[in-house]
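Observations on the three-dimensional arrangement
Here's the letter readout for the chains.
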Amino acid sequence: MENPHIVIVPSPGFTHLVPILEFSKRLLHLHHEFRVTCIIPSLGPPPPSSQTYLQSLPPTINFIFLPPISKDQVPEHAHITQQIQLGVTHSLPHIHQELKSLCSRTRVVALIVDVFANSALDFARDLKLLSYVYLPLSAMIVSFYFHSKTLDQVLSSKHMDPQEPIILSGCVPVHYSDLPQACHDLSSDAYKEFLIRSRRCLSLPDGVLVNSFLELEEETVRVLKEQIRGKPKIFPVGPIIQSASVDHKNGLECLTWLDKKEPSSVLYVSFGSGGTLSQEQSDELAFGLELSGVKFLWVVRAPSNKASAGYFGGAAEESLRFLPLGFVDRTKNQGLVVPFWAPQIQILTHRSVGGFLCHCGWNSVLESVVKGVPVVAWPLFAEQSLNAVLLTDGLKVALRPKVNENGIMPREEIAKVVSGLMRSAEGADIRKRMEHLKNAASKALEEDGSSTMALSELAADLRGLWH
Ligand code: UDP
């Protein structure tokens, strides 16, 4: 009999392509009968990291590249989440066409879309498919989606006190300044889209697949399930991360350098696939690392005043020339700087790495949890501040430096927090808690672990439609 077929739709950008495909790989690994086709919308030609990654997929996953959206169709100053979402919206006619064609040729049972591709969910209803949203994000974000109406009332109220933490049931209390960026301007398109996305993702699909695991966000998942009452079903299917980062020319240099360092002595510094610092902040970070005396491996981006500037690619060669004069030379025995990209997973797996100064993108958060590496939390954009709150106040596996009155993290503060994580008794306690989470993550993925069970439940639902 023909194998049941699942169609997935990621959003443009490396970190909205890889997680949903890694999820598909794990589903296929555990439940061999399914086949997957991935319909890929993109903004401009896909970056080399995405292309290399796609070439590594197993033959049970096919992919179809849609004609790329021209960058002129997306306003240059649009918020990053809007850019991603517009990349999908402009591709909808092509997505529909490919989906209908697949349904006419194969036994498609379900459509699974990335959270920013939720506009494609309507097609599932028309074609009578099961539908799911995949969130490469925390369960706390799902909870924020669920509470978005309440949150809107709080934020719109004249009596709101920005100093008072916002308490949503099942979530770690969050200060106004740590809300997702879009929530800071209620008249913005980004905020309106946040409200629409929240409503659509929890009202349209049959299920929400969240790349988190029960033991990481137990209370949040428990309360969410209670409140939602099975409509849609919540599946905590994580932690799903790549087994290795895509290969890159900086890789060998980083790993050979790490080989010569003491166990747990190096701080890895990286701001995800596109996070970028201003020139002033980048200088403070350089001086702060130098001042701390801690060994570091820093993935450096050319500075920009837009924190997400590198998200859709950038010029690697440019990056290092923006570092303070003489920095590379002065720190040659202390640190290694590499331009633009490094094999993060291999680095976090390396025994010499003992800390991760991280922008708290959710993939990086999961990678540090799975590898047991404690964090210096340095959120930049989107929902990263919420992740930082979860790591710092909720799970207590991170330290977070404070910005000064000009919104800059000064070098002394950076040096203090970095040394605190790598060398103090407080840092040692944080390391122990992270080790505990690492073990919990590994258990969740075992045969009878919470994540494996969630996937089995999903597979049973998919088979239900099939038989
Ligand atoms: N990454 C990498 N090398 C780099 C920077 C990032 O391999 O130099 C990978 C990292 O391992 C993670 C992803 O890119 O899987 C970044 O995702 P995340 O959600 O942390 O942040 P985003 O890029 O979405 O801001």
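Residues numbered from 1 in each chain as written. Predicted model: local features only at pLDDT ≥ 70, side-chain atom pairs only at ≥ 80, totals over all residues.

You'll find the chain entered in an unreviewed UniProt entry as Glycosyltransferase, with Stylosanthes scabra given as the organism. Here is the UniProt Sequence similarities (unreviewed entry) comment for the chain, exactly as written: "Belongs to the UDP-glycosyltransferase family." (UniProt positions renumbered as here; feature names shortened; annotations may be inferred.)

Quick word on the overall build of the chain
Of the regular secondary structure elements, the chain holds 18 helices and 13 strands. A compact globule built from 467 residues should have a C-alpha radius of gyration of about 23 Å, and the chain, at 22 Å, falls within 12% of that. Projecting the C-alpha coordinates of the chain onto the three principal axes gives extents of approximately 65 × 55 × 50 Å. The 467 residues of the chain split such that 51% are buried. For the chain, restricting intrachain contacts to residue pairs at least 6 apart in sequence, the fraction spanning at least 24 positions comes to 75%. (Helix = DSSP H or I, 4+ residues; strand = E, 2+ residues; numbered from the N terminus. Rg over C-alpha atoms; globule rule 2.2 N^0.38 Å. Buried ≥ 20, exposed ≤ 12 C-beta atoms within 10 Å, placed from the backbone. Contact = placed C-beta atoms within 7 Å.)

Observations concerning the site of the ligand
Neighbouring the ligand are 18 residues; Gly272, Ser273, Gly361, Asn363 and Ser364 lie closest to it. Elements that contribute at least two residues to the shell around the ligand include exactly α13 (344-349) and α14 (362-371). For the shell around the ligand, the element with the highest residue contribution is α14, accounting for four residues. The class makeup of the residues in the shell around the ligand is six nonpolar, 11 polar and one charged. (Near = placed C-beta within 6 Å. Nonpolar A, V, L, I, M, F, W, Y, C, P; charged D, E, K, R; others polar.)

Notes on α14
The element α14 is largely enclosed, with a buried count of nine among its 10 residues. Taken together, the buried positions of α14 are Trp362, Asn363, Ser364, Val365, Leu366, Glu367, Ser368, Val369 and Val370. In this structure, the buried residues of α14 make contact with α1 (14-30), α13, β11 (353-358), β12 (375-377), α15 (384-394) and α17 (425-444). Once α14 ends, the next one or two residues include Gly372, with phi positive near 70 degrees.

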